[in-house]
Structure formats: structure tokens, C-alpha cells
Amino acid sequence: MVPWNSVEKGDCCGGFETITDGYYCKKCKFFVHKKCSESSEYIQHPSHPGHTLQLQRKANVSCDLCGKIIRSLAYHCEACDFNMDLYCVKYPPPEVIDVSEKHRHKLTLLKKRIEFDCDTTCRKRGYGFPYKCDDCDSAFHVDCVWHPSEVKHPLEYTTMDAGERVLLPWIHRHFMMPLNSQKKGYCCDRYETVSDGYYCKICNLFFHKKCVDKAPQSIQHPSHSIHPLWLQLNQNYSICNSCGRIVKDLFYRCDICDIQVDLCCATYPPPEVIDISKKHHHKLTLLKKRIDFECDAKCGKIGDEFPYKCNECDLAFHVDCVWQPNMVSKFEVNHSYHPWHPLTLLTGQAPEYSDGKCRLCGEKINDRFFYHCSSCNFTLDMRCVVHPPPQYLLDLKAHDHQLTLLPRLDSFTCNACGLKGDRSPYGCFPCGFMIHQECLALPRVININRHDHRVSRTSILGVVNSVCGVCRKKVDWIYGGYSCQRCPNYVVHSKCATRAGVWNGKELEDVPEEIEDIEPYVVIDENTIQHFSHKEHHLKRNGNGLLWEENKRCRACSHPIGLQSFYGCIDCDFVLHQNCAEFPKRKWHMLHNERLTLVTNKTNYFLCDACYRISNGFVYYQGRMELDVRCGSISEPFVHPSHPHHPLYHIPEHEYEFCNGCNKMKGYVLKCIEDGCKFVLCFGCATLPQVVKHRVDDHPLSLCYGEEDASGKYWCDICEKESDSRKWFYTCKDHRACLHTKCVFGDSSELMPRSTIYYRKKPFEVVLNNSVTRPFCRKCESRCIYPISLKMLGTSDAYYCSFKCARRFL
């Protein structure tokens, strides 16, 4: 394993994760936190005092305390077959707890495993170490009666280079970073802030500091006064019993009565009695129990919650239909961006006559509360009321002069990105400069995966008749964008350059650019090179190729040398196609936001993320992305013989489309961007060899791009099954043969013959299927028809015709 700095989930504990140090095994893709690796091998734990627990690798077993599945590391007692995950070791449940709101007696943690029926609302069967009541012989799951939030855990801080990470075990199991952000809070799902909070990078969750720090652990709520409600993080689909909305964040809950109240209703509880003469002529009382009712307000919908009830008329109403917070208090504000009238606090959906968006930031009014002026049709969400954007700012990166916020609905074109806007831009009146608020944060210098050099933001592109390097649409030269200092004609739209599938999110201004040696070989003489993958010997160029030799295969792409020029080792059988030898050691690729590295010594097979083919040749690798050299070498514009008139591009739209070659739905595709042309090609079809050799014919076979108007049936000469003439196939010179592309290659054609791979910890030899008598496949019990077969080592006749058969058999 190698030291690793990552945000990956640890295979060690599965409960809490780290943002920095750990150890990573590239072969197994196994990541262990450094903190977990330093855990003591033996411990004495209060939950299992009888024996010492030993740290072991365990998988797919349950923790005997919390019942959760253990992913990898656990503390184990061999004598009792007792397992405990690392999270429960850090936060062990107490031996005795007093949970009066859930049970009237004290509960004791049992020290032996038993079968029991949980006596809380879950009512599920359990087998483990439960909490037990000795007075009434009741048993409970640990998770059902105890949570880390019920004991006052101090915040755990650990100093790091990036700041302080914080663990809030009663809110979230992962470490989080203090963050100043405008993200919507997962805690309340309604308010947003531009200041303090906690952020989990792994789960992309943001919690407001105000909600987390100031929310009490338990409350007495007027809608449920008989028991306290405890703060919990919602794990399942739940409904707030006060307002009837879906709870998908933090909430207060009573496990005894199965009642939950979201943070908004906990902060603004409805009064027990209200007088709303405009809607009903009697006083209404908030019912303390859940009932089924038909709302007698305008909505008329069926309800199952705690309604307002008129005891004189025997009528019932949803809480939201008859009560709003601004009915019991003067919820009005005077805002600097709307000085003419006060803004009134409203709840629910925005009025029908409005566009349903905040005037300043343009976000949809999805929150429970917002402020509105009906006279001016002016709406602000809670974030912009509490933390409005500054009225004046001087940002020299965006513009040379002071900018002023114009809080109005007005169509404009942003000078930074060239796109239309409809509200509240920042403007400079002397220059006529207008900019979206979000475009103020555009980075200055970045790397994008479509270009080998850095690109820099410029206020005016100044390149006439140019097209964007990402979307391939026309760029208006009078607006801002990104351009390359080395390539004068390369420009990119601002929004295209900063898309999630193009930019890695790193600002590189003031970061010196490293000059790397990415050349794959050193030239010895006119016909001799020394390739970095084979430094022990020199490689000599053969410009004529071979007539065809199945045994001589390129070490990079694993395909036969064939008729192409190649480099061969003078002293051994190491061979590289000339094209494969020229692949750079590091490169940017359109399918990944980080730079890929060419790895030449991979010990086992890998699955290419673009074409889904199995290979053990060279691989372009970074993080979790692995591309074989054929897919990794594709760059834009890509010209394919099947579509010679227009080049193809990868447009990062994350949409599956039908490939014209295999007629299958694929995710990573190359498209023609010409109007009216819908040609699409997946990476698998784009990298198919144009000419191959197969034992069914003495002549080379050419790739045919389908025949839409073909009459009669086509039959594959390898599998002897019918072939769809609209899909691509291989054919001979006289067109007498028709071969499925799958039958020509199989699923193991990119595995090097005579190499050994490991699948499910069992070794297989990669064997050429070129003998006179073809072996029988142990799985499908038919002759192996593909050029590559797999033989299990240690056996004499355990052959598999494909990787698919080997996977199904084991």
C-alpha cells in the first residue's frame, strides 16, 4: 500500500471518514484511514469485559452493538464470536441508560447475545446484545433507545493544513470542515446562509452552524407536550406531524408515539388556540392526537396529522390552511433593496402572479418562509433578506471600476459569459458593463480537460469567427471567456470552461506551472528508441509491419501487430505499435477532470471506463478513472472513416444515447454537432480496428459500417447465428463472410497471451485459441469460439471461452 491523501470512504471503518492521510492499495482499490491503521491491535471494551478484543479484517458481518454491516476492520472476540465496528468502539453505548421519554424504567446493556423482539415502535426481530429492562422483561435494539446525541459529546477538533475538521456524531458520522458558504442547509432544508456552517465533502452535505450549535438536544413542543422530542437526523421517509411536509433533514422525534416535527415547526410552533374570524367564526384548538380528517378549508384534502379543530362545529383544518407565523407577530421587514414598502413574511408557495423566484439571486422559492411585497410583486428568499449581496463592490478581477447592484427585472447580456440574464445584475454605468452575480466568482486561471495548456479568463476574447473548445458553438468575440496564451485561436465560453465535467474546480492564479517531461521515449538514432516502459533494452523500428502473426502483440494495446509499423526489442520479445509508442506519459482527456498518467506495469486486469473492455495492457490512470490506451488516445476533433465528412466531439451532457455502430444505449459517446446530423459513436465502436485477421478466412477482414438497405438474411460464420445487417460487422473482400464484431474479438481480446490474471483470488492463464482442436468451455459446454480463452491454473482442462463464462461459473 502507498501513502494516500484522499476524500475516499475508508474500507477500514465505514462509519467515519477522513479528508487527508491514509493508505491505498491500487491493486485492490482498498483505502484505509491512517487514524484507523494506528488503532491498537488488542483492546478491553466495557461492552464486552469478559475477553480481550482483537483488531481483524471482517466483511459482511454485523456489529453486535449497533447491528450495522461491517465493511472491513472490526474488533473480534474469537471465544464469543463477538464483533464490534470501529464507530462503536469510539462511541460505546453506556451500560445503563435512563430514557424516561421512551421507557419508564432504567435499561441495562446485556452482556450476552439473545434473540428478542424490540419493544419500541420498530417491532423488529433482533439477535444480538440488546438493552434489557429487568423490571418488565422488555428488550430493545441499541439504536432504538440510545443515540450519541443523548450524551453530551464535545466537538472533536483535529488540526489540519486545510483548517479544522469537526465531528458531530449526533448529526453526521463523517468528519466535516468548517465552511463559509451559500449552500442550502441539510439541517433545515429551508434557510440558507452566506456565513458559517459545516460541510461534508464525501456526502456533499452542508449544515448551518446556527442549526447545529443552537438547536437544543430535546424540546417540549406544544403539539406534543406529554413527552420531550429529541433531535435526530432523519434516515427514512418521514412526515412532519405539525405541517404535513416531508422531513428530509434534522428533526425532533418522540420514539414512543412515533411523532416527528421538523426544525421549522420546532422554531415557529403553532399556538394551541387561534382566533381567525376571516376564515372561521369560532376559535380553533390544536388537537393533541393524530386523526384522519377532511380539511374544511379551501384545499379540501384528506389529512392524517394533528389538525386545528372547532369543537362547536366539529370541523377540522390543516395547520397550514388556517395559521401562518405572520398572524401572531409582526413579521415585516424594511429592506434596503425595496425601500418603498415593507416586506411581509409568507409561507408555502409563491403567489401565482409572481415568477416564484427571488428577485436578487433568482433561486426558486422552495423554502417554507419568504418575504414578499404584493404591491410591487417583489420577492426575497430568507438568505437574501438576512445576508443580501452588497450594493456596491470593487472587484478588479471582474471589472476596473466600482460595480452597482441593480435590483430589478430587466433583460441583459452578461459581459463575462455572453449569456442572457433577467434580473439584478451588477453594472458599471460609464462603461455599460453588466455581469451576473454568479459570474463575479469566475476563476482567473484554470486547467480544462479539453486542452493541454492552461486557459486564462479575459474580459474580451477578441478572436473573430472562433468556436468554443468545449461546446463547439460560435463565440462572440466582444464578450469575456477563456483563452490560451500559447494557442492564440483557442477560446472557450466562460460557462463551458467552468462546467463540472470540464474543470476540476482548482484556481491556478499565482500557482507556478510545472514543466514536465511527458515524452515517452528517447531517440537513440534514426530507427532506434529507448521507451520509458522498457528501459533495459532499446527498441528498433520496423516500418513494414507483418503479414499477420497472432503471437506477436503490442504490449500497450494487446492487439496483434498486423500490417502497422512497430518497434521491436533487439534482445527480447517486447513489441509496441509505432502509434502506441508515441502515447505521452501524462495527458488531459475529455472524460476526466484530472490529468491522467500512463501506467505500464499493471499487475492485473482492469476494466476500461470508456468502452468497458477488459485489458491488462497499458492504462491511463488517475484516481478511479482507468482508460485503455485506445480510448485514452482519442482526442477532439475525432474523425472516423464511418463519418468522414464531419468530425466528432464529446459533449459533456451526461445523457445516454444510441450508438450508430452497435445500436446500443451508451453513456460516453462522440457526436456530430452539425445541424440535422445525429451520428453518434460510442468509444467501443470508435476504437474497433479497421482490418483484422481471423481463422475463418485466409484474407484480412474489413470493418463494414452496416447496410440499411440489405435484402435477405446475414449469418455469422463464427457463431452461425443470424446477424443484424444494420449493426457494424466484419466482412472479407468478396463479402461472402459476415462476422459479428463480438465473435471476432470476444470479451478478452485485450488480454496478453501467456499472461496470468487473478479473478476472485483464482489465477487464470490467458491462452490463444489457435490450436487444431478447440477446448470445451466448462460453463457453456461448447467449443471455445473466441481468439482468447482463459484456463484456470492448477487444472488440465478447466477452460472458459470468455471472461463472462468464468464470472458466471465461479
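Quick caveat: nothing in here was measured; it's all calculated off a predicted structure.

Asker: Got a minute to help me understand the overall build of the protein in this structure?
Answerer: A count of helical and extended segments in the protein gives 13 helices and 74 strands. The buried share among the 810 residues of the protein stands at 51%. For the protein, the proportion of contacts with a sequence separation of at least 24, taken over those separated by at least 6, is 46%.

Asker: What's the story with the sheet that holds strand β41 (residues 426–428) in this structure? I'm lost.
Answerer: Through backbone hydrogen bonds, the strands of a sheet pair up, either in parallel or in antiparallel fashion. Within the open sheet, the four strands sit side by side as β37-β38-β41-β42. Their pairing is antiparallel. Taken across any chain shown, the strands that pair with only one partner, and hence form the sheet edges, are β37 (392–393) and β42 (433–435). Both strand β38 (residues 403–405) and β41 contribute to a ladder of two bridges, which runs antiparallel. For T404, the partnering residue across the bridge sits in β41 and is G427.

Asker: For this particular structure, what's the right way to read the sheet that holds strand β63 (residues 669–672)?
Answerer: On the basis of which strands lie adjacent, the open sheet formed by three strands has the order β60-β63-β64 and antiparallel pairing. Of all strands in the sheet, those with a lone pairing partner are β60 (648–649) and β64 (680–682), marking the two edges. Sheet topology places β63 next to β64; three bridges connect them, and they run antiparallel. Across the sheet, residue L670 finds its bridge partner in β64, namely L681.

Asker: I keep staring at a positive patch on the surface and nothing clicks. Help me out?
Answerer: Taken together, the side chains of K664, K721, K727, K742, R760, K779, K804, R807 and R808 define a basic patch exposed on the protein surface. Among the elements that make up the positive patch, the one with the highest residue count is helix α13 (residues 803–809) (three residues). In this fold, K804 is placed in helix α13.

Asker: Even after reading the chapter, I still don't get the pattern of salt bridges, so can you show me in this structure?
Answerer: If the charged atoms of two oppositely charged side chains come close together, the side chains can form a pair. In this structure the tally under the stated criterion is 14 salt bridges. Put simply, R423 and D422 hold a salt bridge, and the shortest N to O gap is 3.3 Å. Of the charged contacts in the structure, one is a salt bridge between E594 and K506, with a shortest N-O distance of 3.4 Å. Taken as a pair, E594 in strand β55 (residues 592–599) and K506 in the loop between α8 (494–497) and β49 (521–525) lie far apart in primary sequence, 88 residues in all. What makes K506 partly exposed here is its relative accessible area of 44%. Salt bridges here are not isolated pairs; linked through shared partners, they connect D355, D422 and R423.

Asker: Would you explain the confidence of the model for the protein in this entry?
Answerer: Close inspection of predicted coordinates is inappropriate for parts of the model with low pLDDT. Per-residue pLDDT for the protein averages 78, and the proportion of residues at 70 or more is 81%. Of the regions scoring below 50 in pLDDT, residues 190–194 engages in 28 contacts with residues more than four places distant in sequence or in other chains. Within the model, the stretch residues 326–330 combines pLDDT values under 50 with eight contacts to residues more than four positions away or in other chains.

Asker: What should I look at first to understand the nonpolar core in this one?
Answerer: Of all hydrophobic cores here, the largest spans 58 residues; its most connected members are L576, L627, V629, L670, L681, F683 and Y730. In this structure, V629 is in contact with A556, C557, F583, L598, F618 and Y620, ignoring residues within four places of it in sequence. Counting residues in hydrophobic clusters, the runner-up holds 50 residues, among them A398, F412, C414 and C471.

Asker: Please explain the packing of aromatic side chains as it appears in this structure.
Answerer: Geometry of an aromatic ring pair is reported as the spacing of the ring centres plus the angle between the planes. Counted according to the given criterion, the structure contains six aromatic pairs. Ring centres 6.4 Å apart and planes at 45° place the aromatic pair Y521 and Y567 in the tilted group. Residue Y521 is found in strand β49, and its partner Y567 is found in strand β52 (residues 566–569); the two are separated by 46 residues along the sequence. Above the ring of F532, the side-chain terminus of K585 is found at 5.6 Å from the ring centroid. Of note, K587 hangs over the ring of Y620, and the distance from its end group to the ring centre comes to 6.0 Å.

About the cut-offs
- Residues numbered from 1 in each chain as written.
- Predicted model: local features only at pLDDT ≥ 70, side-chain atom pairs only at ≥ 80, totals over all residues.
- Heavy atoms only, no water.
- Helix = DSSP H or I, 4+ residues; strand = E, 2+ residues; numbered from the N terminus.
- Buried < 20%, exposed > 50% of the residue type's maximum accessible area, 1.4 Å probe, protein only.
- Contact = heavy atoms within 4.5 Å.
- Pairing = 2+ DSSP bridges.
- Patch = residues over 30% accessible without salt bridge, like charges linked within 9 Å, V, L, I, M, F, W, Y side chains within 5 Å.
- Areas by Shrake-Rupley, 256 points an atom, 1.4 Å probe, with all protein chains shown as cover.
- Salt bridge = Lys/Arg side-chain N within 4 Å of Asp/Glu carboxyl O.
- Lys, Arg positive; Asp, Glu negative; His and termini not counted.
- Charge placed at Lys NZ, Arg CZ, Asp CG, Glu CD.
- pLDDT = per-residue confidence, 0-100.
- Core = buried A, V, L, I, M, F, W, Y, C linked by side-chain atoms within 4.5 Å.
- Phe/Tyr/Trp six-rings, centres within 6.5 Å; stacked < 30°, edge-to-face > 60°.
- Lys NZ or Arg CZ within 6 Å of the ring centre and 35° of its normal.

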